[in-house]
Amino acid sequence: MASEIEQNTKNRHLAPSATRESTSQNDESSTQNAITTLKCDQPAPENPDLPDIVDIVLAMDERQAPSPLLPAETGPLVETARNYYARAARSEATQRAYAADWRHFASWCRRAGFSPLPANPETVGLYLSACASSSPRPTVSTLERRLSGLSQAFSQRGDRLDRKNPHIAEVFAGIRRKHGRPPVQKEALLADDILAMLETLPHDLRGLRDRAVLLVGFAGGLRRSEIVGLDAGVDQTEDGCGWVEMFENGAILTLRGKTGWREVEIGRGSADRSCPVEALKIWMRLGRVAHGPLFRRIRGEKSVQESRLSDKHVARLVKKTALDAGLRPELSEKEREKLFSGQSLRAGLASSAEVDERFVQKQLGHASAEMTRHYQRRRDRFRVNLTKASGL
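Remember, it's a predicted structure, so these values are computed and weren't measured experimentally.

Turning to its location among the elements, Ser344 is positioned in helix 15 (residues 343-352). Once you skip the residues sitting within four places of it in the chain, Ser344 turns out to touch Lys186, Glu187, Ala188, Leu189, Val318 and Leu339.

What follows is the structure, encoded as structure tokens:
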């Protein structure tokens, strides 16, 4: 009787081995037979329901496999991606404009009885038509930016706006054909204009800072965001868009602009009063600026703050000094105020530098010579007379 029980127990343990042998490859049959023989020679365990050693190893591999991230673990990553890196893809000015565009569209939808969501091309087409028919009428470029702002806003909300839909594309084509106008260009500030503007500034800390702002912005052909985004040294702040390095013969600005990183060389001027490098050195020394933002706010008369100067200050500075210097006296004060902006510095360098166009293109960071020519505006519009040059 005991021998029968022992034989039944061995048979129960041989069953899994026999099953595995039947499913193995022919070239592994000898190995499996050896394993079966070893198992038959070993004493049977007390509990016949214990798992096989192969099953145990497979279960251990499954437990050690990396598990997917749980929602609670991905939360901080999503927050960082959305609120830090995704926002950094566009400038703060563009973000503010896009936010204002969405508020304007949502407000119009509420008044007109439409829902801003989901993205409906018919609703957007009616919105563009209403904007183009309003008074005062926004420019076509403003409507183009609003449409881009709406596309971005819908995308952030998990929706997509089809801008090629006829309700949008045909309406906008009609608006462009009906109301399109040549772009209004700001007046270019030439070297004599800059010198006259510098004479209107006081000789205190604010005046020294603003002198450096005007001269560096003009000599570098910089955008106003690039001027105020400079740091006093390499990689000193997270919100900076570049830095300045001083050398004996000039200064080199390393800038991150719309077209990527570029270096801008600013040489010394012909006189100290018009030298951007000298003005920058004086401001850094007397303003005690050695680390952090290069151009800063000033509280009171002598308190230089740590906070960075706003790019709006550059536009206000150009307008005020141009008016104080009496530029374009034949125009009214309101017209003169509209004529100048921070872009006047950039256009001034492109219009006044008597050098090969390639050097101007490199300084301004333009991808094409056509864009550089767009900035070249001279008051003597007939300096090059093609009529006489043709023989007439």
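Turning to the packing of helix 10 (residues 205-220) against helix 12 (residues 276-286), a few remarks are in order. Taken N-terminus to C-terminus, the directions of helix 10 and helix 12 make an angle of 145°; their axes are 8 Å apart at the nearest point. Regarding helix 10 and helix 12, the two cross each other, and that crossing is left-handed. Between helix 10, through Leu205, Leu208, Arg209, Ala212, Leu215, Val216 and Ala219, and helix 12, the contact on the second element is made entirely by Pro276, Ala279, Leu280, Ile282, Trp283 and Leu286. Each residue belonging to the contact of helix 10 with helix 12 can be placed in one class, and the counts come to twelve nonpolar, no polar and one charged.

A separate point is the sheet that holds strand 1 (residues 230-231). Strand order in this open sheet of four strands is 1-2-3-4, and the pairing throughout is mixed. A single partner strand is all that each edge strand has here, and the edge strands are strand 1 and strand 4 (260-267). The sheet contact formed by strand 2 (residues 242-247) and strand 3 (residues 250-257) spans six bridges and is antiparallel. Directly across from Gly242, in strand 3, lies its bridge partner Leu255. Strand contacts of helix 12: strand 2, strand 3 and strand 4, with the helix running at about 105° to strand 2, the strand carrying the most contacts.

Looking now at helix 10. The end-to-end C-alpha distance of helix 10, which contains 16 residues, comes to 22 Å, matching closely the 22 Å that a straight helix rising 1.5 Å per residue would cover. Across the 16 residues of helix 10, 14 count as buried, placing the element largely inside the fold. Positive phi appears at Gly221, one or two residues downstream of helix 10, with a value of about 60°.

Right, let's talk about the confidence of the model for the protein chain for a bit. Taken residue by residue, the protein chain gives an average pLDDT of 80. The fraction at 70 or more is 72%. Contacts for the low-pLDDT stretch residues 5-28, under 50 throughout, to residues beyond four places or in other chains number 15 contacts. Confidence drops under pLDDT 50 across residues 33-48; counting only partners more than four residues distant or on other chains, this segment forms 14 contacts.

Conventions and cut-offs
Residues numbered from 1 in each chain as written. Predicted model: local features only at pLDDT ≥ 70, side-chain atom pairs only at ≥ 80, totals over all residues. Heavy atoms only, no water. Helix = DSSP H or I, 4+ residues; strand = E, 2+ residues; numbered from the N terminus. Contact = heavy atoms within 4.5 Å. Axes fitted to C-alpha atoms, helices over the stretch in contact; angles between N-to-C directions. Left-handed = near helix turned anticlockwise from the far one by under 90°. Nonpolar A, V, L, I, M, F, W, Y, C, P; charged D, E, K, R; others polar. Pairing = 2+ DSSP bridges. Expected span 1.5 Å × (residues − 1). Buried < 20%, exposed > 50% of the residue type's maximum accessible area, 1.4 Å probe, protein only. pLDDT = per-residue confidence, 0-100.

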